[in-house]
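Residues per chain, in single letters:
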Amino acid sequence: MAKLNRRKIVIGNWKMNFSVPESTILLSKYLKEISPENTEVVVCPAFIDIYSAEEVLSGSKIRVGAQNVHWEDVGAHTGEVSAFQLKGFAEFCIVGHSERRHEFAETDKMVAKKAAACVRHNITPIICVGETLHENMDDLTNLVVAGQTEASLSELTGKEVANIVIVYEPVWAISPGGHVCGPKKATSVIKNIRNLVKALYGEATAESVRIIYGGSVDGQNIKGFLAESEIDGFLVGGASLDHEAFAGIVKAVDGGVKSKAVEGKPNSSKTKAKK
Ligand code: PGA
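Residues numbered from 1 in each chain as written. Predicted model: local features only at pLDDT ≥ 70, side-chain atom pairs only at ≥ 80, totals over all residues. Heavy atoms only, no water.

This paragraph deals with the packing of helix α5 (residues 108-120) against helix α7 (residues 141-152). Between α5 and α7, the shortest axis-to-axis distance is 8 Å and the interhelical angle comes to 45 degrees. Taken together, the axes of α5 and α7 are oblique relative to one another. Here Asp 108, Val 111, Ala 112 and Ala 115 of α5 lie close against α7, whose contacting residues are Gly 147, Gln 148, Ala 151 and Ser 152. By residue class, the composition of the contact of α5 with α7 is 4 nonpolar, 3 polar and 1 charged. (Axes fitted to C-alpha atoms, helices over the stretch in contact; angles between N-to-C directions. Helix = DSSP H or I, 4+ residues; strand = E, 2+ residues; numbered from the N terminus. Parallel < 35°, antiparallel > 145°, perpendicular 65-115°, else oblique. Contact = heavy atoms within 4.5 Å. Nonpolar A, V, L, I, M, F, W, Y, C, P; charged D, E, K, R; others polar.)

All right, on to the sheet that holds strand β3 (residues 62-66) then. Taken in spatial order, the 8 strands line up as β1-β2-β3-β4-β5-β6-β7-β8 and close into a barrel, and their pairing is parallel. Pairs of neighbouring strands in the sheet enclose a mean axial angle of 25 degrees, with direction left out of account. Relative to strand β6 (residues 165-168), strand β5 (residues 124-129) is paired through 4 bridges, and the arrangement is parallel. Bridging across to β6, Cys 128 finds its partner in Val 167. Relative to the sheet, helix α2 (residues 47-57) contacts β2 (40-44) and β3, its axis offset from that of β3 by approximately 165 degrees. Its contacts with the sheet place α7 against β5 and β6, and it is angled at close to 155 degrees to β5. (Pairing = 2+ DSSP bridges.)

This paragraph deals with the environment of Asn 136. In this structure, Asn 136 sits in helix α6 (residues 133-137). Residues Asn 136 and Pro 170, 34 residues apart in the sequence, show an inter-C-alpha distance of 8.5 Å. If sequence neighbours within four positions are ignored, Asn 136 has contacts with Glu 131, Thr 141, Trp 172 and Lys 185. Among the polar contacts listed, one links the side chain of Asn 136 to the side chain of Thr 141, at a separation of 3.2 Å. (Polar contact = N/O pair within 3.5 Å; in protein donor to acceptor, adjacent residues only side chain to side chain.)

To continue, consider the side chain of Lys 114. Turning to its location among the elements, Lys 114 is positioned in helix α5. When its relative accessible area of 3% is taken as the criterion, Lys 114 is described as buried. Looking at Lys 114, its side chain comes within polar contact range of the side chain of Asn 68, at 2.7 Å. Every residue in contact with Lys 114, bar those within four places of it in the chain, is listed here: Asn 68, Val 69, Trp 71, Val 95, Arg 100 and Glu 106. (Buried < 20%, exposed > 50% of the residue type's maximum accessible area, 1.4 Å probe, protein only.)

So, about the packing of aromatic side chains. For the structure shown, the criterion picks out 7 aromatic pairs. Ring centres 4.9 Å apart and planes at 80 degrees place the aromatic pair Trp 14 and Phe 18 in the edge-to-face group. Classification of Trp 14 as buried rests on a relative accessible area of 0%. What makes Phe 18 partly exposed here is its relative accessible area of 24%. Ring plane angle 65 degrees and centroid distance 6.0 Å describe the contact between Phe 225 and Phe 234, whose orientation is recorded as edge-to-face. The pair Phe 225 / Phe 234 is uniform in exposure class, with both members buried. In this structure, Arg 100 packs its charged tip against the face of Phe 104, placed 4.3 Å from the ring centre. (Phe/Tyr/Trp six-rings, centres within 6.5 Å; stacked < 30°, edge-to-face > 60°. Lys NZ or Arg CZ within 6 Å of the ring centre and 35° of its normal.)

A few words on the environment of Asn 195. Among the secondary structure elements, Asn 195 is positioned in helix α9 (residues 183-201). Asn 195 sits in the partly exposed class, given a relative accessible area of 44%. Spatially, the C-alpha atoms of Asn 195 and Phe 234 are 20 Å apart, while their sequence positions differ by 39 residues.

Time to look at the pattern of salt bridges. By the definition in use, this model includes 14 salt bridges. Residue Lys 185 is joined to Glu 131 by a salt bridge in which the shortest nitrogen-to-oxygen separation is 3.8 Å. Here the residue Lys 185 occupies a position in helix α9, and Glu 131 occupies one in the loop between β5 and α6, the gap between them amounting to 54 residues. What makes Lys 185 partly exposed here is its relative accessible area of 27%. (Salt bridge = Lys/Arg side-chain N within 4 Å of Asp/Glu carboxyl O.)

Written out as C-alpha cells, the structure reads:
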C-alpha cells in the first residue's frame, strides 16, 4: 500500500493519577522538556485535571485529551462526562481502553458509540484494540483485533475513520508486570489492522488513519519500535508519569528535537489563561 506522510503521534495516558496541583506541576515540567517539531504530542489526564491542563498547555505544542467519554450529550448518567462537555478542553479522547473494557465491561458497541460522539463534537477518538494473554496464546490475536476494530469503527464513515487514531495495545503487554510485545509482532498486527481498514473503507482511508502501538513503551525499547515504519506513534502509560521519561520518548520519535529549545524562555501558556 502506498504510504502517505502520516504525522507521528505520542500520547500520554495518565490513567487515575495526579491531583490538580500535581498535574499542573508535572505539565510545567513537560513544557520545559517537550517542544516537538514534527510529532503531535497529547496528554490525557483524569477528568478532574483537564480544565487546568488545558489552561497550562494553552499555546504550547502539547494537546489535551480525555481518557473516556459517554456517548450521549446530556442526561441522567451519574458520574459520566460527555463529548459535548469536553469540547473546547480536550481535542482527543481515548475510547475502549482495555482497562475500561475489562473493569467496566465496555463492549465494542459502546466503544463505537463513544467514538461517534467524539467525532460529532470534533474530538479525535483514540480507539484501543488488543487481545488478552490467553487469546494471544491461543493464536487468536488477529481474529480478536479484527473483530474489535470492525465493531468499534462501525458508527463512523470512511472519511471520519481517516482522521482518527487506532491503538494496537495487547492487554498482556501493558505495565506493570506486562509481558513484552516485540516490534515485529506489533508491526504485523498493525499491518493487518490497516488491511482491514482498506477492505472496509478503501485505500485512501487506510493510508490516512494513524495506527499506533501501546504497551510498556519506554525510553529503552522505543528504538526497536521506531525501526518499524508501519507504527505511526505510541500510547504511553507508566512512562508518561515521569517528565524525563516521556520527554525522552517524544524526542526519540521526533528525531532529536533539542530539549534546550524552550529552556529559559517564558512560556506564555503558563501565565495566560485562555478563558
Ligand atoms: P503502559 O500503559 O505504557 O504503562 O503499559 C499503556 C496504556 O495502558 O495505555
